[in-house]
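Remarks on the overall topology
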Amino acid sequence: MKCLRRTAATALLGFALALGIAQPPAGAEPETPPTAAATAPAPAAAEFNVRDYGAVGNGSTNDTAAINKAITAANTAGGGIVRFPSGTYESKKTIRMKSNVTLQLDAGSTISGNGADTYDPPEPNQWDDYQDYGHSHFHNAMIYGDNLSNIGFTGSGVIDGDGALITGNPKPGEADKIISLTRCKNLTLSGITLREGGHFAALINNCDNVVSDRLTIDTAMDRDGWNIISTTNVEIANAHLEANDDALAFKSDYALGAKLNNGHVTVTDSYLSARCCNALMFGSETCGDFTDYRFERITIKGSDKSGLGLVSMDGAKISDVHYKDITMTDVRSPIMQKVGTRKRCGNNPGVGSISNITYTNIKANGTTPSFSPTLWGESGSGRIHNITFTNVDITVPGGNGTMSTNPPSNDPKDYNPKAIGTRPAYGWYIRGADNVRFTDSEVRFAANDGRPAVIADNSTGIRFDRFTAQRGSNSPSDLLFQTVNGYCVAGSANTNGGALRISQTGSSQNCGGGPSPTRYEAENATYSTGSTVDSDHTGYSGTGFVNTPNTVGAYVEWTVNASEAGTADLVIAYANGTTTSRPLDIAVNGVTVAAASPFAGTGAWTTWRTVTVPVALKAGANTVRATATTANGAPNLDCLDGPA
């Protein structure tokens, strides 16, 4: 899938270069030898200045006709750039996009909406009943296009609804979205700002090959930011999206009369904020299946529903979704997974499922009133399975007293976190889920809470490795397993270093499940002169950990055995009670394979985390050395897990 995604991006970049609207990425290597033909600059794309077609740009004259003339001219010429010089271009009617056309908004340029109620009327849609009105109709927009290819919106200017777009169901002549695209291929949406978008700043449905870099959306006083519906092969980077409703939502509805697939998506280095609703969301419209999503290095600030929401309400199978390096603050529900039975989709949908989801390096704090992070599956095929949490630290507001540990109420046709009543656990509430694993993760509260940290109910294979939980003064237990077949708690503790209190009803314990990795304790390894084996910080594995001197070159070296040559993940457990990273060079058999690998602060010397390093090993014995690269030395090193 990575090759497919890279091919899509390369194709789009080639299109953008041909039109003269993009530069090659920094450090990019040529794909062919540097011959004269290969290095010759691409011919400049034809440019069509909207002022040459009658646009005035004075903020009051209706420039729609001139803009559409320029678009038609560019399309007729085989493609080109429709350029908007600095100015405000009032658009009282719908701008109709065409293939092979890029709108380039120069600095200081704005396309402005207008409340004259003269936009294109909504088209009839026989599939209206399967999704909200705004999802069902596309023509009633500031900018509309259908069945297009090679289109773009670039530059540094603004497209502004200017208070004229509708957040509810529009009347004839009213528009409820800025950009509305259906059945598009090769779309670039980069650099510009979309402001005051009505119901949607941007809505795309059944598109393929979408690239976005440095897109800004401000709909904090309106509704949704960007809805990406039934779309494949998407790359989004450096987005800044602030919405009132959903900021960035991936959906699949029945507006085009078909159940369509979704997937092969990456979103990186972005900022999201949602006032009333969800920051980064799957659903609620979930007809077609979703697979292969990567979300990395994302900051979320504010969300009145879910920070990371993932629901299957209409029969979709959602799988292979991976969240990494994400920070969330002031979120009502930090993480929410739910399978529901709304079934608002054609073709007689069944019950969906959620599977193979990972969360790595996630930090979140909640806001009051809060909804505990939740996994809620349905019976039968609608269960949630194969979910892993690694270095996931969540702080919730807390402040509740003790309560019944019976399952809370649930509306299976409502995706909102509040559709499940107050969870009987302040931290994680897990129901109808199988094969869920927490590693090096923790949950805390801001105010004393009388509920258990975790309750798992009607589930199978729930495991906690090196899990830390804060204990409320009146809580009956820390971890409660109710009708759980095969739970395991290993190397875990409360925040004071004591053992977790585990209770169970109708449950069985099972810490097996396949070959375990081989553990190599640091205290049994070779280490640099001046290092000591200490045991004064709880939570370590084995008999202690290695504390190296604070010098460059301090090291620990393990001998790792492999039954056969091949690649393997080496997992190094450490603690760093400072706020400064203590990077290590990782060398295998004398060759550095990971230079200055960061070993970030863990918040306390009793908080242990892991760093995973993929390496190539030879059959037999291999030396693995971790060497400090700064005068701070190495973090406290506990152990290394190698191949089984």
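See the structure shown above.
In this report, we go over the structure that sits alongside the text. (Residues numbered from 1 in each chain as written. Predicted model: local features only at pLDDT ≥ 70, side-chain atom pairs only at ≥ 80, totals over all residues. Heavy atoms only, no water.)

**Regarding empty space enclosed by the protein**
According to the stated counting rule, one finds 1 cavity of 30 Å³ or more in the structure shown. Approximately 30 Å³ is the volume attributed to the largest cavity. Around the largest cavity sit I228, T231, F250, K251, N262, V265, F290 and Y293, which together line it. Those elements that place two or more of their residues in the lining of the largest cavity are β20 (248-252), β21 (262-274) and β23 (290-312). Each residue belonging to the lining of the largest cavity can be placed in one class, and the counts come to 5 nonpolar, 2 polar and 1 charged. (1 Å grid on protein atoms, 1.4 Å probe; cavity = no way out; pocket = protein on both sides within 12 Å on 5 of 7 lines; lining within 4 Å. Points joined across faces, edges and corners; volume = space filled by probe spheres on them. Helix = DSSP H or I, 4+ residues; strand = E, 2+ residues; numbered from the N terminus. Nonpolar A, V, L, I, M, F, W, Y, C, P; charged D, E, K, R; others polar.)

**Details of the packing of aromatic side chains**
The full count for this structure, using the stated rule, is 27 aromatic pairs. Summarising the aromatic geometry, the rings of Y293 and F295 are spaced 6.2 Å apart at their centres and angled 25° between planes, so their arrangement reads as stacked. A residue is classified by how much of its surface remains accessible, and Y293, at 1% relative accessible area, is buried. Its end group placed over the ring of W376, R431 keeps NZ or CZ at 5.5 Å from the ring centre. Just above the ring of Y555 sits the side chain of R625; from NZ or CZ to the centre is 3.7 Å. (Phe/Tyr/Trp six-rings, centres within 6.5 Å; stacked < 30°, edge-to-face > 60°. Buried < 20%, exposed > 50% of the residue type's maximum accessible area, 1.4 Å probe, protein only. Lys NZ or Arg CZ within 6 Å of the ring centre and 35° of its normal.)

**Quick word on the environment of A74**
For A74, the location among the structural elements is in helix α3 (residues 64-76). Look at A74 and you get buried, because its relative accessible area is 0%. Distance from A74 to A46, taken between C-alpha atoms, is 7.6 Å for residues 28 residues apart in sequence. Apart from residues lying up to four places away in sequence, A74 is in contact with F48, G79, G80, V82 and V101. (Contact = heavy atoms within 4.5 Å.)

**Structural notes on the state of the cysteines**
On inspection of all chains with the given rule, the structure shows 4 disulfides. Through a disulfide, C184 is tied to C207; the S-S separation comes to 2.1 Å. The sign of the S-S torsion, about 120°, decides the handedness of the disulfide formed by C184 and C207: right-handed. Taken together, the residues C184 in the loop between β11 (177-182) and β12 (185-189) and C207 in the loop between β14 (200-205) and β15 (208-213) connect sequence positions 23 residues apart. A single burial state applies to C184 and to C207, both of which are buried. Residue C287 pairs covalently with C345 via a disulfide, S to S 2.4 Å. A torsion of 140° about the S-S bond marks the disulfide between C287 and C345 as right-handed. A residue pair is termed long-range when its members are at least 10 positions apart, and C287 in the loop between β22 (280-286) and β23 and C345 in the loop between β24 (317-339) and β25 (353-366) qualify at 58 residues. The pair C287 / C345 is uniform in exposure class, with both members buried. (Disulfide = S-S within 2.5 Å.)

Limitation: the analysis is restricted to geometry and does not speak to function.
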